[in-house]
Each structure stands twice: as C-alpha cells, then as structure tokens.
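Read off the chains here:
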Amino acid sequence: MSYKVITRPLKRIDAREKVTGEAKFGADLNFSGQLYAKTVYSRYPHARVLSINTEKAEALHGVEAVITAADVPGENELFGRFPVFAEKEVKYTGDGVAMVAATSKSIAEKAASLVEVEYEELPAVLTIEEALAHGAALVHTDAPGNFIENTHHLMRAGDVERGFEEADIILEKTYRTQFVEHGYIEPEVVIALPEPYRRGVEIHGSIQNPYSIRENVARALNLRISEVRVIPGNLGGSFGGKDESVMLMAARTAITALKTGRPVKMVLTREESILESAKRHSYKAKYKIGARKGGTIVALENTIYTQGGAYNNKARFANWRASVHAAGPYRIPNVKTDLYGVYTNTIYGGAFRGFSAPQVVFCNESLMDELAAELGISPKEIRLKNCLKPGDELVTGQVLRPGKIPAPLKQMIEEVCSRSDFDRKREEFSAGNSGDEPVKRGIGLACTFRGTGLGGEGIDTAGATVTIEKDGSVNIVSNLNEMGQGMRTAHAQIVAETLGISYGRITFSPTDTSVVPDGGPTVASRGTLAGGNAMLIAAQKLKERLLMEAGKILNCSWEGLVIEDEIIQYRGKEKLSITFDELIPRCIMERGLTLSAQGWYNPGPEELDPETGRGNAYPSYIYGCAVAEIRVNTLTGKLDVDRITAAYELGRVINPQIVKGQLMGGLIQGMGYGIMEDTETKEGYLITRNFDELMLPTSLDIPEIDIILYETDQNIGPYGAKGIGEIGVELSAPAIANALFHATGRRVRELPMNLERVLLGRALKR
Amino acid sequence: MQEFDFVKAKSLDHACTMLAGKRGRAKVIAGGTDLMIGLRNHRLSEEVDTIMDISGVGELAYIREEGELIRIGAGTTHAELALSSILWEAAPVLSMAAKSIGSPQIRNRGTIGGNIITSAPCADTVPALLVLDAALLLRRGESVRQVQIADFFEGPYRVKAAEDELLLEISFRRLRDGAKSLFDKLTRRNALAKARMNIAVIALQDKNKVVKDLRISLGSTTPIPCRFTDAERLFLGKVPRREDFLKAGQIISSEMVEKSGYRWSTDYKKPVVEALTAAALKRVLKAE
C-alpha cells in the first residue's frame, strides 16, 4: 500500500506559531479586571488545622477575596481524595489551606503571607516502610494500614510454588525507585472566568485532561457538568503531570471567579509547581525468580509497593498496568504478582510518561541481568531464550497469534545487538576494564513490551469532529489534547490521507469541552491510536458523503469512485472525474449537505477475571529493545552515557520525524530518571524545588542515539498505527544499570544511579 | 519581591560615590547570576533600598598584560575570560575554570568579580585564582587597597570587604615558562551544574623533575577556600614519587574533615577528594 500523506516527515501543523512565538500559552492570556491568585500552603507534613485567620490578609488594600474550605459551595473532596482546601487536617506540605485573590501578583504574594493558620503537629509517615509499620500513624483514618483504596492489583498464572520447586536456581532481589518531577518547561496556569452569557464558569489553562477537570470543578462548585466549560490552551509539555494540581487550581480559581464576579488567574512559580504537582510513583519492589540451569525461567513472584503520597487518584490505574507487565516480555508459566498503593505524608504519585513502566521495567530488566550473571550466560542469551515469540501465551492468557498481536521481539534483540556490536563490545570493554584506569566502560541490554492504549483501565473511547468548509479548508478538532507530542499533526495526516487531499488544507481548533464530546483523557499513548481512529471514522463518513454526491453529479455508481490527489474519479475512467474544489461548493451551496462529521471510536470494554487478573488486558502490544554504552569513573562515580541503540515496534509510522523525536525524547528523559533526577526531602519537606537541583539532562549529557523502527501490519489503530508516546522512556534506566554492572561488577538496585550510589552503593541524606 | 531603587552606574567614580553615600544600603549587581536568585528567594537584606548596576561600566571590563603581570577588570565576564588568548597563554587554569561555568547564558552575564564577591564554596574561578596567588584591588570612596585573595574569604558566602567597597581588579603573575596547570571539576551533569568539587593545580618541575613550585586548591572542600600547603610541601624540592599523589590527596582530605567536620556528604567527598587530587597531580607532575 502506498500512502500520500501518512508515513511522511511532514512539518508539524502548529510549528510556525510555536517557533515564531505567536502561539499563546495560558500565562499569555489576560482578561480585563482579572485578579491574581496565590495559594497558602501547609506548613507541616501532617498537622491538625486549629484555626485559620484571614482578617489581616483581607484588610490588605487590593485583596478581593480570601477563600478557604468554608467557601467551597459543593464538595470539598475531589477525585483521589484531593481536598480543594485542607479543612481539618493537612496531610503534606503541598496542601492548600487558603487562597488569596488580589489586584496584583505582589499584593497576592503579600496577602498569602498574612493568612494566619494555627496548627497542631501530628506524627507523619514519610516512607513506604514507615507507612506499613505496625501501629503507624494513618494518613487517612479510614484507610487502614495506609493502603490506598482500589490499588491492590494482582496477576496469577500457573502455580508459582510448583514453579519454584522445578527451578535449579532462585534469586531474590529488592529494587527501589524515586519520586521524580516531570520538569515540563511551562509551569501550571489556570484562568477561570464567570461565563459571560449564562450561568457557569469558563476555564482556560495548561490542562492535560479537560473533561475530568470539568467534572471535578462542577462537583466543587455545585454546578452541572454542562455549566463548566474547559478550554486547554497550548501546553508547554505535560507528560502526565498537568492534572491533579491543575484540577485543584481550577476548582480554587473557579470558586473565586464566581464569588467575585471577576476573572481569576493563577500561575504557579516553579517552586510551587514542583511542590504541588504529581510525581512518578516511588517503588519498592521485591522480586523472586526461578530458572533452570540452561536459563529457562520457570517462576516469578513479585510484591510491589508504590508510594502514593497524601492523596492519590492514579495508583489504582497505574498499579493495574504494572500487574500486566510485571513479568516482563517473557514467557513465564508461573507468575504471582501483587501491587499495593501506599499513602504517606509526602508529595504524591501521579501519571508520568510510562505510567508504572519505567519502574517495573527497571526492576525486571535488572533482574534478568542478575539472573544471567548468576547462571553464567550472556544477557542476550537469557533474553533470546525467554522472550515472547509468536504463538506464546502472555501472563494474561492472551496468545500472540500472528496477524492478531505481533511478536517480533526476538528479531529486534538480534538486530539491536548486531547493530550495536553488543557481543564484541562486551568482550572488548571487559578486557579494557581489567587495568588500573579508573574510567571503565560498560554495555547493557534491556527489553520491554507495552499494552497499547488504556486496555482494562477504562473504555478507550475518543471523539473527533472534521468539518469541510466552503473554500475547501478542513478543520479538525479532537477531544484529546495537544501537549507538544505532535498528535494534531498525526491527526491532520490521517484526515488528509483518508480524504485524498493535501495536508495543507487542514487546520485545527483547540479542544473545548463544550464543542467535542467527552472521549476520555489524553493519556496511555492513545492520541494517535484512539484519537486517530476517531479522526479516521469522521473522515471516512465525509469521504462517503462526498463520493455519493460525486456519483450523482457524474452519473455513476459511487462505489467505483476514489479520491486521490484531490480528484474524485471513477476507477479506470479518467473522464468520469471532478476535483475536490469543484465538488465542495456544490455539496454545500447547491445541495445543502453538511460536510461536518463526528467520529467516535469505541473498542468496548476489555474482559478481565478479577480473581486472577487474567484476560484481554490490552488489544495489542508494542515492543522495544535498547543497548546502552557507558563510561564510569570508578573514583568519583561519574557516569556518562555514550550511545544508545534502540529498536521499537509501533505498527505504522504516521510521521517518522515526530516518532523519532518522541522516542529520543523518551530515551533522554529515561536517562535522566536513571542517573540524575531525584526529589530530595528532609523530614517531609521537599528540598528539590527548582531546576538547579532537579538535574534534568542537558544537551551535553545526551548520548548518540540510533533508532530502528519496526512496522507491522494488522494493528488496531488508524492505518495500523499504535502508540509511541511512552515506550521511549522505559529502557534507558535498566540498560544503563546493566551497563554499569558490566563496567564495574557492582549492581545498583536503586534509582537514580547518581555519584554517591555509583561510588558508595548508597545515597547520602542531608 | 522586595522593592528597591535601581541605579545604573555611569562610571567607576559614579559607582563608588553612590556606594559611599548609601552606607551599606546599596547592593551591587554585575552579571546578576547570583543576586537575582537571592532576590527571588528573599535572601536580600531588608536594609537594602538600592540596587546599583555596574554591568555597563566599561572601565571594569578588561584583560591586560603588563610585563609579567596579568590584570583583569572585575566586570569581565566568564565568556570573555574563556575567549581570551592572553589568558589561555598566561594562565590556562583560569581559562579552563571560566569555560566550565554554568551555561553560555551564565558565562555571558556572570563576572569574575561577582564570582569572588559571592564566594560560593563551589565558585569555579576561586581555586584557579588561589593557585595563581592573585591580588585583589578594592576601592571604597576615594581610597584604594590591595589584598591577597587567600586573605579575602571569611566563610561560605562571606568576604572581608565592606558593603560599600567595590572590587576593581584581579591581578596575578603569568605562569613561569614550563609550568603546567590544570582545572578539573566534578558535576552531577555536564552543563548547568554547580561543582560538587573542583580542583586547580599549578606545577613547575626542572629538567631533573625536581618540583620547583606546586600549588593546589580545591573548592567545595573547606569553609574558607584555600591552598593546601601541607600537600604542596610533600613535593617541593623533590622528584615526585607515584605513591605521594594519593598521599597528597589523603593530607587534603584530612584537612577537609578537620576544617569542615564530618558532614552528611563526607562519606562521599573524602575518597573523591583523594582521587581528584591524585588524578590531577598525576596529570601535571612527572614522577620518578
């Protein structure tokens, strides 16, 4: 099949505005008479709120409102138990107890410092161990054991007891990962305005998931969902992060907007953003694996605790995703997996690119190398022997039937190893490392697979509207959101391909909850998969409408007509044709047809057995394999990544430039996670509050990256595409950890592998 | 943010008169790479009512060669230092230090004078200037004084200068013929990172490998940045022995623990100070 628009590296549809700076972001918007809002944060990780005195703040000239939980018209507790304002108790230092709104930013800042809150400190639990200890203080008194509601997910396949009996070797290891911040370049912003024409509120801002925020704001304001309109503007990155804190900002500013009758704007400082926004969950993962002497894995058991923080609405989904992937991309007959979310009086876990995969894949792939070392076989061999192959059964019971779910992992491992010269370099580096030179080199391998879309997390719907205008321009609008990932461009390419027209005809409108129906959140690498399918469905409806009309005009049966290069033509009869530009005005002005169509993609629910966790967890899977080459100074612990060679299977590439950009960005973000980034705390207070401490990789830290793309057919997405937003982030940390072990013979089981952990094997606390 | 008057100094005289008149209520801004962060974090003293910008004072930006002496205006940026061919030839240790700082943006704004006056423990030009035995020229009102950089620091972020005193110039002798120098730093990433530790060394050996001169300084190591003369003395007048490289590192790490106490980071810093020192000495000294 040859394509005209998709599979090409076309320029992003919104590149010009963004590159020239014409594109407006939330913070660029200003409304006449707007107030500036600032949150008053908790002073303690855990304390009872005895009193809040707002008098001094209210008395300050320019202050228009000071609001607390008492001012919330509807429910104060939102999804995941996040309070709009902490009322009786603060549960971490990012809790908001009050918010001030004033006529200038500096007055708001001053007023916030004048709000007097009297506290009585309570004992705080700050780590997974503290939270699970017998007799530990409770973060939520109705959550016994500090277990987060609905977060225990499991997987049961075969019989692990019997499996371990069959094993010649059993390894038990514990791995830990840290909370990390997304580090998007644009801090959170929300502007709420009283609806000018009707009852309700209109909300603009850096909002990843406008529909869930609309629903929560409606609850807090005691409004109907339809009375809240959310228009996310351009987003300067999100990676899963602009969600919970933005929900609270939206509720707080919307309450104030309706109370004062004025627009209320809130822009977080970087320090506030890092304090109040979600982090990638911190994990403590205990693994037990059994294998035969030859390297065949016979059983795997793991218990994984995910630190959820003070409030949490993502572990219930992320832990489920983890339960499907916790045995890795391997054929293991006996598996027992349990995941538990744990409350602590700390910053909280949320969605962050990968959604449990970066943690789980770090653990799994470190373990595979530990097992290989123990068995005395190579990391490549153990993976080739055990990796999922066509016909294999997944831990979920799904069978990798050719033509249904592809399974090219073995071939990918072989190709990545040969392209990176893995075997030879392993020997060469080992030989070179035996001398006195303090700088050692290492090479490491890691593999992954990833269920596409939401799968059993929820129904993977998406909506789209495609409208052809009189002049032949075509406008698209999705319920899913552009955050910099390039989704709009993929959608435009899919629509242009389907309609047989040029990409240049496509324009887009931003998402708007009052315009497009709620098709769920922009998560789970489903922008192209689900969102693209909705676009495809809408475009196909329009195409059919156009062909039927052209059939009438040309006096032929429409089934024989095709659109190609903007000409509608009867197959094989050149004279029976009409151009797109001729057809459109005739449809609209002469025939009164609507050339606006809605596409709705609904794959239906996935069936799962709650007793075992097994079933059709995801409709399909994608695969990845990477080799990292590193240098490490054994005297200082300084680790540099020289090169990453990676392969990804992703169905169909809609835009190769964007796909490679996404995967490289993911690999680099994963490298930062692996070796640099951390969120340091001291007694429940967050120390890492800005980019100087956050240690995101810079351009000078980025290795050479070589990416191989695998395309496969018969996939569920538009033109066979699947999703690639997240998989890129998964492999860097384990591949580097394995390379580090190769270089030094020492295994680091905790992230990040920073100077101290590499040199001393442990982190140091201030 | 704190409110203050912002005054742009027109000349050196204007700046000094202004500072003298303000009696400590004025704060000088040069590149602003430290002061702006301080302002944002509310670290500026409440007594300050004026910020005086000296970044436009051309009289403070120069690198001059006068015979053996190199003179650098305090307002010279790190980028200018890193690009100066005079400096690469006369004192590459300082060029390397300046080149390693932050990012292009920070090097374009930040100045050598600011690096000294802020006196962060991790300041990169400071160890380089210590091994160069630099002298500082300061002016207060009409009076001018000179002080050795080794005597200028009082502690982390504290220098022995009055609030209304302005640093004018940094000067030092060029490296002697045949001298080798080195600057190295350890960071958590390869740009935009404070030095976890840094080291500057100057060494001179005669043709028989006898050490005629050796100067070692490490940053982020002691509360008051200094040269490590005990370690230097281990080599002076002798032909270096390989085992002395690590021994010098141990002398320095003991001095660090003695002066800084055993801190949260010492478990890491102690072996690394030893390793950095040994590696640096190995690179600049020929052993027997």
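What counts, and where the lines are drawn
- Residues numbered from 1 in each chain as written.
- Chains lettered and ligands numbered in written order.
- Predicted model: local features only at pLDDT ≥ 70, side-chain atom pairs only at ≥ 80, totals over all residues.
- Heavy atoms only, no water.
- Domains from an automatic or database assignment.
- Contact = heavy atoms within 4.5 Å.
- Buried area = accessible area lost by both parts, 1.4 Å probe.
- Salt bridge = Lys/Arg side-chain N within 4 Å of Asp/Glu carboxyl O.
- Polar contact = N/O pair within 3.5 Å; in protein donor to acceptor, adjacent residues only side chain to side chain.
- Nonpolar A, V, L, I, M, F, W, Y, C, P; charged D, E, K, R; others polar.
- Helix = DSSP H or I, 4+ residues; strand = E, 2+ residues; numbered from the N terminus.
- Buried < 20%, exposed > 50% of the residue type's maximum accessible area, 1.4 Å probe, protein only.
- Expected span 1.5 Å × (residues − 1).
- Pairing = 2+ DSSP bridges.
- Axes fitted to C-alpha atoms, helices over the stretch in contact; angles between N-to-C directions.

Moving on to the domain arrangement of chain A. Residues and elements named next belong to chain A. Domains assigned within chain A are domain 1 (15-22 + 461-601), domain 2 (31-122 + 197-274) and domain 3 (279-455 + 609-760). Domain 1 and domain 2 are separated by 39 Å when their C-alpha centres are compared. Counting residues at the interface gives 19 residues for domain 1 and 16 residues for domain 2. Across the interface of domain 1 and domain 2, roughly 1300 Å² is buried in total on both sides, 47% from carbon and sulfur atoms. When the buried surface of domain 1 facing domain 2 is broken down by residue, Asn481, Met483 and Thr513 rank first, second and third, together holding 43% of it. Among the ionic pairs, Arg229 bridges to Asp512, the shortest N-O distance being 2.5 Å. Linking domain 1 with domain 2 are 10 residue pairs in polar contact (both at pLDDT 80 or more). Classifying every residue of the side of domain 1 that touches domain 2 gives 6 nonpolar, 8 polar and 5 charged.

The next thing to look at is the side chain of Arg139 of chain B. Residues and elements named next belong to chain B. Along the chain, Arg139 falls in strand E6 (residues 135-140). Look at Arg139 and you get buried, because its relative accessible area is 9%. Engagement of the side chain of Arg139 in a polar contact is seen with the backbone oxygen of Gly141, the distance being 2.8 Å.

Attention now goes to the pattern of salt bridges. Residues and elements named next belong to chain A. Within the structure shown, the criterion is met by 85 salt bridges over all chains. Among the ionic pairs, Asp14 bridges to Arg488, the shortest N-O distance being 3.5 Å. Note that Asp14 is positioned in the segment before helix H1 (15-20) and Arg488 in helix H14 (residues 487-499), a separation of 474 residues in sequence. Here Asp14 matches Arg488 in class, with each residue buried. Here Arg643 ties to Glu704 by a salt bridge, and the two come within 2.6 Å at their closest N and O atoms.

Here we take up helix H19 (residues 732-744) of chain A. Residue and element names in this part refer to chain A. Between the first and last C-alpha of H19 there are 18 Å, a value that for 13 residues agrees with the 18 Å anticipated at 1.5 Å per step. Of all 13 residues that make up H19, 11 are buried, and the element is covered over most of its length. For H19, the set of buried residues is Ser732, Ala733, Pro734, Ala735, Ile736, Ala737, Asn738, Ala739, Leu740, His742 and Ala743. Looking at the residues trailing H19, positive phi occurs at Gly745, about 75°.

Our next topic: the sheet that holds strand E22 (residues 561-564) of chain A. Residues and elements named next belong to chain A. One open sheet holds the 3 strands; their spatial order is E22-E23-E24, and the pairing between them is antiparallel. Of all strands in the sheet, those with a lone pairing partner are E22 and strand E24 (573-579), marking the two edges. When strand polarity is set aside, the average angle formed by the axes of neighbouring strands in this sheet is 30°. Contacts between helix H15 (residues 527-554) and the sheet are confined to E22, strand E23 (567-570) and E24, with E22 contributing the most and set at about 120° to the helix.

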